[in-house]
Amino acid sequence: GATIGILGGGQLGRMLSIAASRLGLKTHIFEPGANPPAMDVAHTVTTAGYDDQDALTAFANAVDVITYEFENIPTSALDLLETLKPLHPGRQALATSQDRLVEKTFLRDLGLQTAPFANVENADDLAEAIKTIGTPAILKTRTMGYDGKGQARIMTPDQADSALADMAGAAAILEGFVDFKIEISIIAARNPDGAVACYDPGENVHVDGILSTTTVPATLTPSQRTDAVLLAARILNALDYVGVMGVELFVTPQGLIVNEIAPRVHNSGHWTQNGCVIDQFEQHIRAVAGWPLGDGSRHSNVVMENLIGDDMDRVPEAAKTNAAIHLYGKADVKAGRKMGHINRITGNA
Ligand code: ATP
Ligand code: MG
Ligand code: MG
């Protein structure tokens, strides 16, 4: 069977490896950190930095296709890897999602709604952006942010200076605050033939900037559900995308507003492991390996609860119930660290 190369050995790489192994495929993980969660389940692990050209070359030569579990892969590494083996999802998807300004501009040019936004390089830009966009607003670093890191809320214009200081000189974007009813995400997949399959949108609750729960079905009208599917497909087709993508959306009375896209399997798609016959991890492997996609249909209602830090204390109680427990095998419990998740089935779809 083929070997799938995966950049990143975190929990997403781990669950991708498990899915690949079920399909009789091998995975080869490339990860700079020692003892990554994917290590127990991958066929091969290369421990090396993204600046190690020899290690990158050997990795690429050992695999049939390259994918990844996080989007902040250094450009120099990608430049080398893509000359050696197919990279899925491709460079356009990565370049778009790595930079919030490029991402929002791409989405707007596709005709989709985003929060109002402006590029902010200095205090003058910020003052100008606050005049146009108003407050409340959120200043975000353009690159590298995740789990709400690299963000500063500006409730009134006098908070501009301290928000800019929080960016520590990083390029930033100001976003108008969206007064959303709920947050949802749609997990969608596309294969090299251009087939697209979407999962039912999930309703997301964040606590301290980190995803806490995802519930399916989400509280949506049928037309909102259709809108979510259509806009996700539009994004995937525009990027000639191959793989699974997570699209985060705000639901407002004025329609669906795209918050951000993630060119990979997504935490808010973990419910698919117990709500669908073919989950997002198998779907991603199918897509990058050129297999037909599963249809994404949902057989159960599910609540996915993330286990962050000390939430691990809830595992013994959950183990006495009929909940599906997914743990990532991380040795140290740290505040804010994603340790695992629980999928509770709450009924038939
Ligand atoms: P992730 O871990 O999902 O990649 P992130 O660090 O990239 O998160 P965002 O998704 O941009 O951050 O923001 C985190 C959360 O903050 C959102 O899910 C939403 O709850 C809130 N938020 C972000 N931008 C806005 C906005 N423009 N208006 C209202 N709320 C927002
Ligand atoms: Mg993000
Ligand atoms: Mg987000």
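This is a predicted model, so every value here is computed, not measured.

Trainee: How should the domain arrangement of the protein be read in this particular structure?
Mentor: How large an interface is tends to be reported as the accessible area lost when its parts come together. One can read the domain layout of the protein as domain 1 (3-87), domain 2 (116-176) and domain 3 (182-348). Domain 1 and domain 3 are separated by 22 Å when their C-alpha centres are compared. Contact with domain 1, which involves 20 residues of that partner, is made by 15 residues of domain 3. Looking at the side of domain 1 that touches domain 3, the elements with two or more residues in it are helix H1 (11-22) and strand E4 (65-68). The element best represented in the side of domain 1 that touches domain 3 is H1, accounting for nine residues.

Trainee: Would you mind going over the sheet that holds strand E7 (residues 151-154) with me for this structure?
Mentor: Each strand in a sheet pairs with another by means of backbone hydrogen bonds, the pair being arranged parallel or else antiparallel. Taken together, four strands build an open sheet; the order of strands is E5-E8-E6-E7 and the sheet is antiparallel. Looking at strand neighbours, the two that pair on one side only are strand E5 (117-120) and E7, the edges of this open sheet. Each neighbouring strand pair of the sheet contributes to a mean axis angle of 25 degrees, computed without reference to strand direction. Two elements, E5 and strand E8 (residues 172-176), share four bridges in a ladder whose sense is antiparallel. Bridge pairing in E8 places Phe 117 opposite Glu 175.

Trainee: What am I meant to see in the environment of Gly 24 here?
Mentor: The topology assignment puts Gly 24 in the loop between H1 and strand E2 (26-30). For the pair Gly 24 and Gly 1, spaced 23 residues apart in the sequence, the C-alpha separation amounts to 6.4 Å.

Cut-offs and rules
- Residues numbered from 1 in each chain as written.
- Chains lettered and ligands numbered in written order.
- Predicted model: local features only at pLDDT ≥ 70, side-chain atom pairs only at ≥ 80, totals over all residues.
- Domains from an automatic or database assignment.
- Contact = placed C-beta atoms within 7 Å.
- Helix = DSSP H or I, 4+ residues; strand = E, 2+ residues; numbered from the N terminus.
- Pairing = 2+ DSSP bridges.
- Axes fitted to C-alpha atoms, helices over the stretch in contact; angles between N-to-C directions.

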